[in-house]
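# Reading the structure
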Amino acid sequence: MVDLALIALIALIATYAGAVATVTRLRPAGPRRALLEGAATTAGVAACFALMLALARVWLPGTIIVASLLAGAVLHHTLVRDLGARRASVAAAAGGLLIGASFLFVSYLAVMALIGAAGVYLVLRLWLRTRPALLVLGGTLGALLTASAGVFALALSTM
């Protein structure tokens, strides 16, 4: 049985991703299109977590592989416009490996940390140049992964 707190956290992170997609697409796509893309993003993030949860019941190493691949896809999609295909692919591969390794310690919180950091990057990218936004992305991801490890350790200690 999946914990209700995990379902609530997944719903919140999916809503966050949809809100970021809506905000970042509002100017270029218009309000109606931005809302549709935000709703699609929310549904997509929720579906990816549902896939990982279903796969975890059958084959746990497959969940880690899927989490790494999804993390790489999110990073590539987030960075390709600013860095170009080659650099975005390298960053996505490194990020996918980082999230896959982090998934071993903090489970789904690693993927949620990546989504949170990518959202911060996309919103900051509306006002900042690429390099400062990338620095904030790295710092935010590191801070969120550290916080995830702390939360996970606290949860394990109270079991």
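The model shown is predicted, which means the values in this text are computed figures rather than measured ones.

Ranked by size, the top nonpolar core spans 34 residues in total, and within it Phe49, Ile99, Tyr108, Val111 and Met112 carry the most contacts. Elements represented by at least two residues in this core include exactly α1 (4-29), α2 (31-58), α3 (60-83), α4 (85-106), α5 (108-124) and α6 (130-157). When residues of this core are assigned to their parent elements, the largest contribution, 10 residues, is made by α5. Residues in contact with Tyr108, not counting those within four places in the same chain, are Leu6, Phe49, Met52, Leu53, Ala56, Thr63 and Phe103.

Turning to the packing of aromatic side chains, a few remarks are in order. Summed over all chains, the structure comprises one aromatic pair. Plain terms: the ring middles of Phe103 and Tyr108 are 5.3 Å apart, the flat faces sit at 85° to each other, and that makes the pair edge-to-face. The pair Phe103 / Tyr108 is uniform in exposure class, with both members buried.

The next thing to look at is α3. The end-to-end C-alpha separation of α3 is 33 Å, in line with the 34 Å expected for 24 residues at 1.5 Å each. All of the buried residues in α3 are Gly62, Thr63, Ile64, Val66, Ala67, Ser68, Ala71, Gly72, Leu75, Thr78 and Leu79. Looking at the buried side of α3, the elements it contacts are α2, α4, α5 and α6.

Moving on: a nonpolar patch on the surface. On the surface, a nonpolar cluster with roughly 420 Å² of combined accessible area is contributed by Val23, Leu126, Trp127 and Leu128. Looking at where Trp127 falls in the secondary structure, it is placed in the loop between α5 and α6. Taking relative accessible area as the criterion, Trp127 reaches 64% and is therefore assigned exposed.

What counts as what
- Residues numbered from 1 in each chain as written.
- Predicted model: local features only at pLDDT ≥ 70, side-chain atom pairs only at ≥ 80, totals over all residues.
- Heavy atoms only, no water.
- Core = buried A, V, L, I, M, F, W, Y, C linked by side-chain atoms within 4.5 Å.
- Buried < 20%, exposed > 50% of the residue type's maximum accessible area, 1.4 Å probe, protein only.
- Helix = DSSP H or I, 4+ residues; strand = E, 2+ residues; numbered from the N terminus.
- Contact = heavy atoms within 4.5 Å.
- Phe/Tyr/Trp six-rings, centres within 6.5 Å; stacked < 30°, edge-to-face > 60°.
- Expected span 1.5 Å × (residues − 1).
- Patch = residues over 30% accessible without salt bridge, like charges linked within 9 Å, V, L, I, M, F, W, Y side chains within 5 Å.
- Areas by Shrake-Rupley, 256 points an atom, 1.4 Å probe, with all protein chains shown as cover.
- Salt bridge = Lys/Arg side-chain N within 4 Å of Asp/Glu carboxyl O.

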